[in-house]
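Listed here are the chains, written in short residue letters.
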Amino acid sequence: MKIWVVANQKGGVGKTTTTVSLAGHLVKQSKRVLLIDLDPHGSMTSYFGMEPEAPGVSVYSLFKAAAEKRSVDPMRTIHPTDFEQISIMPGSTALATLDRQLGSRPGMGLVLKRALANLVDQFDYVLIDCPPILGVTMVNALAAAEYLIVPVQTEYLALKGLERMLRTLSMIQSSRKQRLDHAIVPTMYDQRTRASHDTLQLLRERYRHELWPGVIPVDTQFREASRMGKPLPLIAPSARGSVAYGELLDWLQGGQPQTVNSASTSAALAEGV
Ligand SMILES: Nc1ncnc2c1ncn2[C@@H]1O[C@H](COP(=O)(O)OP(=O)(O)OP(=O)(O)O)[C@@H](O)[C@H]1O
Ligand SMILES: [Mg+2]
């Protein structure tokens, strides 16, 4: 079971879209996928037709039980979706109260990692969608992660959020036994705009060794897919956005930062070809 976390301390950069789109491609590879929504806004939970406001068993239940020193079977917090191979541990608006209520209690940083240890035979991939804030849920995600994906919108203000995220990563790194590798993924690339072009150049200059060599283009079909509650790669496999996320997944599964050719289409897009 692989555990990948999608995080950036900046909002609206494509974290949820990245999580859902990678899940869509994993389904096409016949993998069993568990999605975990750590965002109190519950965008991914809503995406799959559930209500983050509804009381019920969610990822919040794991934290609450841990704080009260009760045990809860993590399988009870996992719900099916319309897609047989995708299960979800939904988010809840109650997650917003976690830091104030429980954050400072000892042991709260490893709740998710411990829960996932009980699920290793159930899923091939766990993808965790984080909120854009550093708090107890993001700390949990980074403690449990085997790999970190940092989507960065290709626009001027994005670099500050990226720097903050990388500082958080190095802070977490020191408390982990194993190193946490990461990849920066340029998103919402619009080849017609100067901002996209310049930001991509800057990312390539500053972060060459940790940057996925492709780009996720702007694609209006993502909005349509989210309205339908379906991952774009499953409803429009040849959409530009689907193809780009497919290349990202291939690259992540190849695991090698030098496989520039595997991201050929989106790299070509980035060059404006
Ligand atoms: N490549 C893309 N092209 C066009 N629209 C996109 C793309 N990626 C994401 N979007 C749209 O941008 C909006 C924000 O994306 P998303 O919800 O994935 O970001 P997020 O980082 O998860 O946001 P938040 O921080 O609020 O959780 C959504 O409406 C989504 O449909
Ligand atoms: Mg989101």
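Note that the coordinates shown come from a computational prediction; the quantities given were computed from them, not determined experimentally. (Residues numbered from 1 in each chain as written. Chains lettered and ligands numbered in written order. Predicted model: local features only at pLDDT ≥ 70, side-chain atom pairs only at ≥ 80, totals over all residues. Heavy atoms only, no water.)

## Considerations on the overall build of the protein
Right, so step 1: Scanning the protein from terminus to terminus reveals twelve helices and seven strands.
Right, so step 2: Against the compact-globule benchmark of 19 Å for 273 residues, the protein has a radius of gyration of 18 Å, which places it among compact chains.
Right, so step 3: Summarising its shape, the C-alpha atoms of the protein cover approximately 55 × 40 × 30 Å along the three principal directions.
Right, so step 4: Across the 273 residues of the protein, 54% fall into the buried class.
Right, so step 5: Expressed as a percentage of contacts within the protein between residues at least 6 apart in sequence, the contacts between residues at least 24 apart total 78%. (Helix = DSSP H or I, 4+ residues; strand = E, 2+ residues; numbered from the N terminus. Rg over C-alpha atoms; globule rule 2.2 N^0.38 Å. Buried < 20%, exposed > 50% of the residue type's maximum accessible area, 1.4 Å probe, protein only. Contact = heavy atoms within 4.5 Å.)

## A word on the site of ligand 1
Right, so step 1: Residues in contact with ligand 1 amount to 15 residues; listed here are only the nearest, Lys15, Thr16, Thr17, Pro217 and Asp219.
Right, so step 2: The separation between an oxygen atom of ligand 1 and a polar side-chain atom of Lys15 is 2.7 Å.
Right, so step 3: A distance of 2.5 Å separates an oxygen atom of ligand 1 from a polar atom in the side chain of Thr17.
Right, so step 4: Burial of ligand 1 by the surrounding chains reaches 77%, relative to a free accessible area of 630 Å².
Right, so step 5: Taken together, the residues of the shell around ligand 1 break down into seven nonpolar, five polar and three charged. (Near = heavy atom within 4 Å. Polar contact = N/O pair within 3.5 Å; in protein donor to acceptor, adjacent residues only side chain to side chain. Areas by Shrake-Rupley, 256 points an atom, 1.4 Å probe, with all protein chains shown as cover. Nonpolar A, V, L, I, M, F, W, Y, C, P; charged D, E, K, R; others polar.)

## A few points about the nonpolar core
Right, so step 1: Grouped together as the largest cluster of nonpolar side chains are 49 residues, with contacts concentrated most on Ile36, Leu116 and Ile128.
Right, so step 2: For this core, the leading source of residues is helix α7 (residues 158-173), giving seven residues.
Right, so step 3: Here Ile36 is in contact with Met44, Val59, Met89, Leu112, Leu116, Val126, Leu127, Ile128 and Asp129, once residues within four sequence places are set aside.
Right, so step 4: Counting residues in each nonpolar core, the second largest holds 34 residues, with Phe48, Leu127, Tyr147 and Leu252 among its members. (Core = buried A, V, L, I, M, F, W, Y, C linked by side-chain atoms within 4.5 Å.)

## Observations concerning helix α8 (residues 194-207)
Right, so step 1: With 14 residues, α8 ought to run about 20 Å at 1.5 Å a step, and its terminal C-alpha atoms sit 19 Å apart, in line with that.
Right, so step 2: Within α8 the residues assigned to the buried category are Ser196, Thr199, Leu200, Leu203, Arg204 and Tyr207. In an axial view of α8, the angular spread of the buried residues amounts to 140°, which keeps them on one side of the axis. Turned more than 90 degrees from where α8 packs its buried face, Arg194 and Glu205 sit exposed. (Expected span 1.5 Å × (residues − 1). Arc of directions from axis to C-beta.)

## Some points on the pattern of salt bridges
Right, so step 1: Across all of its chains, the model carries eight salt bridges by this definition.
Right, so step 2: Note that Arg179 is salt-bridged to Asp181, the shortest N-O span being 3.1 Å.
Right, so step 3: Between Glu224 and Arg227 there is a salt bridge, and its shortest N-O distance comes to 2.8 Å. Of the two residues, Glu224 and Arg227 are both situated in helix α9 (residues 221-228); the distance of three residues between them amounts to about one turn of the helix.
Right, so step 4: By sharing partners, the salt bridges in this structure join Lys64, Glu68 and Arg70 into a single network. (Salt bridge = Lys/Arg side-chain N within 4 Å of Asp/Glu carboxyl O.)

## Concerning the side chain of Ser58
Right, so step 1: When you line up the elements, Ser58 lands in the loop between α2 (43-47) and α3 (59-67).
Right, so step 2: For Ser58, the residues in contact, after removing those within four places along its chain, are Thr77, Pro90, Gly91 and Ser92.

## Section: the packing of α7 against α8
Right, so step 1: It is at 12 Å that the axes of α7 and α8 come closest, and there the two elements cross at 30°. With respect to each other, α7 and α8 are oriented roughly parallel. Relative to α8, α7 is oriented so that their crossing is right-handed. Between α7 and α8, the residues in contact are Leu159, Leu162, Glu163 and Leu166 and Thr199, Leu202, Leu203, Arg206 and Tyr207, respectively.
Right, so step 2: Across the contact of α7 with α8, the residue classes tally to six nonpolar, one polar and two charged. (Axes fitted to C-alpha atoms, helices over the stretch in contact; angles between N-to-C directions. Parallel < 35°, antiparallel > 145°, perpendicular 65-115°, else oblique. Left-handed = near helix turned anticlockwise from the far one by under 90°.)

## Describing the packing of aromatic side chains
Right, so step 1: Summed over all chains, the structure comprises five aromatic pairs.
Right, so step 2: Aromatic side chains Phe222 and Tyr245 sit 5.7 Å apart centroid to centroid with 85° between the ring planes, which places their arrangement in the edge-to-face category. Here Phe222 is found in helix α9, whereas its partner Tyr245 is found in helix α11 (residues 240-254), with 23 residues between them in sequence. The burial state of Phe222 is the same as that of Tyr245; both residues are buried. (Phe/Tyr/Trp six-rings, centres within 6.5 Å; stacked < 30°, edge-to-face > 60°.)

## Thoughts on the sheet that holds strand β5 (residues 125-129)
Right, so step 1: Taken together, the seven strands give an open sheet; going across it, the order is β3-β4-β2-β5-β1-β6-β7, and neighbouring strands pair in mixed fashion. The sheet is open, and its two edges are formed by β3 (79-80) and β7 (181-187), each paired on a single side.
Right, so step 2: Note: strand β2 (residues 33-37) against β5, five bridges, orientation parallel. Residue Asp37 lies in a different strand from β5, and its bridge partner there is Asp129.
Right, so step 3: Here helix α1 (residues 15-28) sits on the sheet in contact with β1 (2-6), β2, β4 (86-89), β5, β6 (147-153) and β7, set at roughly 165° to β5.
Right, so step 4: Its contacts with the sheet place α11 against β1, β5, β6 and β7, and it is angled at close to 165° to β7. (Pairing = 2+ DSSP bridges.)

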